[in-house]
Amino acid sequence: MSGVVIRGGEIITPLDRYHADVYCDEGVIKAIGPDLDVPKGAEVVDAGGQLVFPGGIDAHTHMELPFMGTVSADDFFTGTAAGVAGGTTSIIDFIIPSRGQSLLEARDFWMSNAEKACADYGFHMAVTWFNEQVEKEMRQVHHEDGISSFKTFMAYIGAIGVDDDELIGVIDTAGSLGALVTTHCEHGLAVQSLQRKLVAAGKTAPKYHPQSRPSWVEGEATNRAITLARCSGQPIYIVHLTCKESMDAVIRARQEGVMVFVETCPQYLLLDDSVYDKPDFEGAAYVMSPPIRPLGHQEVLWNALAAGLIHHVATDHCPFRQADQKVMGKDDFTKIPNGAAGIENRMALMYTYGVAKGRISIHQFVDVCCTQPAKIFGLYPRKGAIRVGADADIVVYDPARSSVISAKTHHHHVDRNIFEGFAIEGGVSHTIVGGKVAFKDGDLRVERGAGRYLRRT
Ligand code: URP
Ligand code: ZN
Ligand code: ZN
């Protein structure tokens, strides 16, 4: 059998929609057009009445991340497989050295773990401390490994967080390389101080987690990160932005000509902080940083998305099992491993609650889920596009299907789903990864180790 032909679907791009067949062979798109003649024996995907998107890209995942005394529950195989089931065909994960650890040593560890991925993967390099050696190693991973984005955490002080002086060093070094700095924005010391006060007052339940990291703590740090990037004349990418205060800082900076890229995640668009009031420690499933915000912030984010002020909807996929991992913080919310799963649900949630609800157009959906992350992070047009020569990573989405999200049926390796019970309109019927049908009508046919490392420009 030679190749795969997707017959009769409607191709959707950020700018266009049209009916055409797509022929894939040798891992790439070979031809696009009406009624394509293809070699005998090509596998036929009947996409009649369905939508055809470029494979989704999730530029913010944490597979098998050692974090807060445990390791996130999806490894590179199970996590990328869950992604494929939901139409995500490439991820950009994070190499996160411990403070004081060589970037190269951490790189070798993450690269080796990721060999089991079943879809393509790249890495941002987190910089968790800074000196001349780190600067040299930033240059080295940029040149040797095609790592063109660096991550900093303004939170998690005392662990992987950096101070302002270190952040300036990272921004300057990345700028000299033409690389992009991405930042987790929360005022680390403010969070630490609020956490101490809450715990000292006996406020140790999961519902106090959001009180220790209010939106203004994020807004301050977002403004500061932008200010520091501005001092260096560099653009900056804000990861998992959640709130009005941060969006206000972004809008202000953009009005003044600063180039700020923004990412948010479905949980910040679709959930509100009432999730923390669930009984029986269930609120722990939603403990992530920044936390889920009070009602009001979600509308700000949807409006920003519609206005083109948010460039990427990623997941921050970082699952921890309730039964034996989240429970580590039973008596102290500051010890609950931060994070939740989402990679399988991202595309369907954004289609359902964005496109079908009329909040964003289908072109914006493709842009923020598939194309913009490829452009921002140096993968375009190999990824994020349906055009001849691009990688044959393609999603066929059937708008006539429906389903309900549940931990009982998801592919995430975790016992909770923060979107439990959410109704979904449409659904992925096929995911083509590297020219092969890797998901068909609920049947995952992924191959351990088939994913390739993505060098980026
Ligand atoms: O709670 C979260 N977000 N966990 C993953 C690490 C991070 O901050 O992105
Ligand atoms: Zn973060
Ligand atoms: Zn993250």
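Residues numbered from 1 in each chain as written. Chains lettered and ligands numbered in written order. Predicted model: local features only at pLDDT ≥ 70, side-chain atom pairs only at ≥ 80, totals over all residues. Heavy atoms only, no water.

Novice: Explanation requested: the overall build of the chain in the structure shown.
Specialist: In terms of regular secondary structure, the chain is built from 12 helices and 19 strands. For the chain, whose C-alpha radius of gyration is 21 Å, the value lies close to the compact-globule estimate of 23 Å for 457 residues. Dimensions of the chain, computed from the C-alpha atoms along their principal axes, are close to 70 × 50 × 40 Å. Sequence separation of at least 24 residues holds for 76% of the intrachain contacts in the chain that already meet a minimum separation of 6. Total accessible area computed for the chain in this model is approximately 16400 Å², and 51% of it derives from carbon and sulfur atoms. Here the chain carries 43 positive and 56 negative side-chain charges, and the mean point of each set is 1 Å from the other. (Helix = DSSP H or I, 4+ residues; strand = E, 2+ residues; numbered from the N terminus. Rg over C-alpha atoms; globule rule 2.2 N^0.38 Å. Contact = heavy atoms within 4.5 Å. Areas by Shrake-Rupley, 256 points an atom, 1.4 Å probe, with all protein chains shown as cover. Lys, Arg positive; Asp, Glu negative; His and termini not counted. Charge placed at Lys NZ, Arg CZ, Asp CG, Glu CD.)

Novice: So what exactly am I meant to see when it comes to the coordination of the zinc ion (ligand 2) here?
Specialist: The protein atoms that coordinate the zinc ion (ligand 2) are His 184 (ND1) and His 240 (NE2), at distances spanning 2.1 Å. Every donor counted, the 4 donor atoms about the zinc ion (ligand 2) form angles of 57 to 149° at the centre, which fits irregular coordination. In this structure, the zinc ion (ligand 2) lies 3.7 Å from the zinc ion (ligand 3). Highlighted residues: His 184 in strand β12 (residues 180-184) and His 240 in the loop between β13 (236-238) and α8 (244-255), separated in sequence by 56 residues. For the pair shown, His 184 and His 240 are each scored as buried. (Donors = N, O, S within 2.8 Å, 3.2 Å for Na, K, Ca; no water. Tetrahedral: all angles 85-135°; square planar, octahedral: opposite > 155°, others 65-115°. Buried < 20%, exposed > 50% of the residue type's maximum accessible area, 1.4 Å probe, protein only.)

Novice: Quick question: what am I supposed to make of the site of ligand 1 here?
Specialist: Within the structure, ligand 1 sits among His 60, His 62, Phe 153, Tyr 156, His 184, His 240, Met 288, Ser 289, Asp 316, Cys 318, Asn 338 and Gly 339. At 3.1 Å from an oxygen atom of ligand 1 is found a side-chain nitrogen or oxygen belonging to His 184. Relative to its unbound accessible area of 270 Å², ligand 1 is 99% covered by the protein chains. Looking at the shell around ligand 1 residue by residue, the classes come out as 4 nonpolar, 7 polar and 1 charged. (Near = heavy atom within 4 Å. Polar contact = N/O pair within 3.5 Å; in protein donor to acceptor, adjacent residues only side chain to side chain. Nonpolar A, V, L, I, M, F, W, Y, C, P; charged D, E, K, R; others polar.)

Novice: Explain the pattern of salt bridges here, please?
Specialist: Between side chains of opposite charge, a pair can form as their charged atoms come close. In the structure shown here, the tally under the stated rule is 29 salt bridges. Here Arg 107 makes a salt bridge to Asp 145, at a shortest N to O gap of 2.9 Å. Note that Arg 107 is positioned in helix α2 (residues 103-114) and Asp 145 in helix α3 (residues 132-145), a separation of 38 residues in sequence. With respect to class, Arg 107 is no different from Asp 145; both count as buried. For Asp 248, the salt bridge goes to Lys 244, with nearest N and O atoms at 2.8 Å. With Asp 248 and Lys 244 both in helix α8 and 4 residues apart, this pair spans about one turn of that helix. On the basis of relative accessible area, Asp 248 is assigned to the partly exposed category, the value being 31%. Taken together, the shared-partner salt bridges connect Asp 120, Arg 382, Lys 383, Asp 391, Asp 393 and Arg 452 into one network. (Salt bridge = Lys/Arg side-chain N within 4 Å of Asp/Glu carboxyl O.)

Novice: Sorry if this is basic, but what is going on with the coordination of the zinc ion (ligand 3) here?
Specialist: Tetrahedral coordination by four donors places them ideally at 109.5 degrees to one another around the metal; octahedral coordination by six donors ideally gives 90 or 180 degrees. At the metal site, the zinc ion (ligand 3) is ligated by His 60 (NE2), His 62 (NE2) and Asp 316 (OD), and these contacts range over 2.0 to 2.2 Å. Geometry at the zinc ion (ligand 3) is irregular, judged from its 4 donor atoms and the angles of 86 to 136° they form at the metal. Sequence positions of the donors to the zinc ion (ligand 3) reduce to the motif H-x1-H-x253-D. His 62 sits in the buried class, given a relative accessible area of 5%.

Novice: Please explain the domain arrangement of the chain as it appears in this structure.
Specialist: How large an interface is tends to be reported as the accessible area lost when its parts come together. Under the domain assignment used here, the chain contains domain 1 (4-53 + 386-401 + 426-444) and domain 2 (55-376). A separation of 31 Å is found between the C-alpha centroids of domain 1 and domain 2. Summed over both partners, the interface of domain 1 with domain 2 comes to about 1600 Å²; 71% of that surface belongs to carbon and sulfur atoms. A per-residue breakdown of the area domain 1 buries against domain 2 is headed by Pro 14, Phe 53 and Tyr 397, which together make up 33% of the total. (Domains from an automatic or database assignment. Buried area = accessible area lost by both parts, 1.4 Å probe.)

Novice: Would you mind going over the nonpolar core with me for this structure?
Specialist: Proteins that are soluble and globular tend to have nonpolar side chains buried together. Phe 53, Phe 150 and Phe 365 are the most contacted members of the largest nonpolar core, which totals 119 residues. The element best represented in this core is helix α11 (residues 346-356), accounting for 7 residues. Setting aside residues no more than four positions away along its own chain, Phe 365 makes contact with Phe 53, Met 347, Met 350, Tyr 351, Val 355, Ile 360 and Cys 370. (Core = buried A, V, L, I, M, F, W, Y, C linked by side-chain atoms within 4.5 Å.)

Novice: Explanation requested: the side chain of Gln 325 in the structure shown.
Specialist: Take Gln 325: it is sitting in the loop between β15 (312-313) and α11. A polar atom in the side chain of Gln 325 sits 2.8 Å from the backbone oxygen of Val 71. Looking at Gln 325, its side chain comes within polar contact range of the main-chain nitrogen of Arg 321, at 2.7 Å. With residues up to four places along the chain from it excluded, the contact list for Gln 325 reads Thr 70, Val 71, Ala 73, Pro 319, Phe 320 and Pro 337.

Novice: I keep staring at the sheet that holds β12 and nothing clicks. Help me out?
Specialist: Adjacent strands of a sheet pair through backbone hydrogen bonds, lying either parallel or antiparallel. As summarised here, the arrangement of the 8 strands in space is β6-β9-β10-β11-β12-β13-β14-β15, forming an open sheet in which the pairing is parallel. If you trace the sheet from one side to the other, it starts and ends with β6 (56-61) and β15, each paired once. Across the sheet, helix α4 (residues 164-177) touches β11 (149-153), β12 and β13, and the angle it forms with β11 is around 170°. Packed onto the sheet, helix α7 (residues 215-231) meets β12, β13 and β14 (260-264) and runs at close to 165° relative to β13. (Pairing = 2+ DSSP bridges. Axes fitted to C-alpha atoms, helices over the stretch in contact; angles between N-to-C directions.)

Novice: It is not clear to me how the pairing of β11 should be interpreted in this structure. Could you clarify?
Specialist: Remark: a regular strand shows side chains that alternate across the two faces of the sheet. Counting buried positions along β11 yields 5 of 5 residues, so the element is predominantly enclosed. Residues of β11 alternate between two faces, with Ser 149, Lys 151 and Phe 153 on one and Phe 150 and Thr 152 on the opposite face, all of them buried. Two strands pair when backbone bridges link them, and strand β10 (residues 120-126) and β11 are joined in this way by 2 bridges, in the parallel orientation. Residue pairing in the sheet places Met 125 in a bridge with Phe 150 of β11. A crossover links β10 with its parallel partner β11, the connecting element being α3, and its sense is right-handed. Two elements, β11 and β12, share 5 bridges in a ladder whose sense is parallel. Its bridge partner lying in β12, Phe 153 is registered against His 184. What joins β11 to β12 is α4, and the crossover it makes is right-handed. (Right-handed = clockwise from strand over helix to strand, strands pointing away.)

Novice: Just to check I follow, could you spell out α4 for this structure?
Specialist: Since one α-helical turn is 3.6 residues long, residues separated by three or four positions face the same way. For α4, built from 14 residues, the straight-helix expectation of 20 Å at 1.5 Å per residue is met to within 8% by its first-to-last C-alpha distance of 20 Å. Along α4, the positions that sit buried rather than exposed are Glu 166, Leu 167, Gly 169, Val 170, Ile 171, Thr 173, Ala 174 and Leu 177. Where α4 is buried, its residues meet α3, β11, β12, α7 and β13. Near the N-terminus of α4, the side chain that reaches the backbone nitrogen of Asp 165, with its oxygen 3.1 Å away, is that of Asp 163. (Expected span 1.5 Å × (residues − 1).)

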